Amino acid sequence: AKQIADKFKLSLIDLRLSQCDPTDLQGFPFVNKETGLAEFVPMDLFPLENTPIPKGCNGFLLFLDELPSASLAVQAAAYKLVLDKKVGSHTLHPKTAIICAGNKMTDGAIVNKMGTAMQSRILHLELMADVEGWIEWASKNDIDHRVTSYVHSRPENLHNFDPKHNDCTFTCPRTWEFASDVIKAYGKEDLKEIQPILA
């Protein structure tokens, strides 16, 4: 999401739906003293029609992460946001793009089944780890050369994931970045102590 936002010069808004309440997407109720009617006030993180676009940006990218991990009530509250680009009765800024992300139920992550109403509101793309793409990214993001060299020589280990595994973790682009951070933290000291990371 960050790479997409940077590429198209969009202001990134990262919202983790698993941590949200339905009210966060509908707005908080209050009584309008002039009309005596209840209205909803949207959270300030949403770019509305009159929200100024930050300097140097072309618009906004609203990233709804952990969508399948959200409660069913939050997923239902997101219907209007995803399809109509509205928070309650308030319309998002016309230059707002929305993308969602999340794990699949087969991944063994904490997820809820996505209802058919949400399924039909989004375009589904399954992302796969790609060695060439990851090494290109790693070279631009200061990943230690020993990690990239290893992944280049053992590409099958870039993303070695079995949802039924019994180990503490598994190799994937995220954990290789962690390994790089550990290696760099040791500097030029003896690396024998961290050899198991690259085993």
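Note that the structure is predicted; figures quoted are calculated from it, not measured. (Residues numbered from 1 in each chain as written. Predicted model: local features only at pLDDT ≥ 70, side-chain atom pairs only at ≥ 80, totals over all residues. Heavy atoms only, no water.)

## What to know about the overall build of the chain
Defined as follows: A helix here means a DSSP run of H or I that spans at least four residues, while a strand means a run of E at least two residues long, and both kinds are numbered starting from the N terminus. Each radius of gyration reported is based on C-alpha atoms, and the globular scaling rule is 2.2 Å times the count of residues to the power 0.38. Accessibility here uses a 1.4 Å probe with only protein chains present; expressed as a share of the type maximum, an area under 20% marks a residue as buried, one over 50% as exposed, and anything in between as partly exposed.
When you go through the chain residue by residue, the secondary structure sums to 7 helices and 7 strands. Shown N-terminal to C-terminal, the secondary structure of the chain runs as helices and strands in the order α-β-α-β-β-β-α-β-β-β-α-α-α-α. For the chain, whose C-alpha radius of gyration is 21 Å, the value lies well above the compact-globule estimate of 16 Å for 199 residues. When the backbone C-alpha atoms are referred to their principal axes, the chain occupies close to 70 × 40 × 30 Å. Considering the chain as a whole, with its 199 residues, one finds that 29% of them fall into the buried category.

## Topic: the pattern of salt bridges
This is how the line gets drawn: Every case where a carboxyl oxygen of Asp or Glu lies within 4 Å of a side-chain nitrogen of Lys or Arg is listed as a salt bridge.
In the structure shown here, the tally under the stated rule is 9 salt bridges. A salt bridge links Arg-154 to Glu-156, with the shortest nitrogen-to-oxygen separation between them at 2.9 Å. Residues participating in the shared-partner salt-bridge network are Asp-14, Arg-16, Asp-65 and Glu-66.

## Focus on unusual backbone geometry
Its identity is not glycine, yet Lys-85 carries a phi of approximately 55°, on the positive side. Tracing the backbone shows Lys-85 in the loop between α3 (72–84) and β5 (86–87). Positive phi, close to 60°, is recorded for Asp-142, a residue that is not glycine. A residue is classified by how much of its surface remains accessible, and Asp-142, at 55% relative accessible area, is exposed.

## Structural notes on the packing of helix α6 (residues 145–153) against helix α7 (residues 173–186)
Packed helix pairs are specified by the crossing angle of their axes together with the interaxial distance, meaning the distance between the axes. Heads up, the rule is: What counts as an axis is a line fitted to C-alpha atoms, over the stretch in contact for a helix, and the angles between N-to-C directions run from 0 to 180 degrees. Angles are sorted into four bins: roughly parallel if under 35 degrees, roughly antiparallel if over 145, roughly perpendicular if 65 to 115, and oblique for all others. What makes two residues a contact is simply this: any of their non-hydrogen atoms within 4.5 Å.
The interhelical angle for the contact between α6 and α7, taken along N-to-C directions, is 140°, at an axis separation of 9 Å. For the element pair α6 / α7, the angle class is oblique. Contact with α6, carried on its side by Arg-146, Val-147, Tyr-150 and Val-151, involves Trp-176, Ala-179, Ser-180 and Ile-183 of α7 and no other residues of that element.

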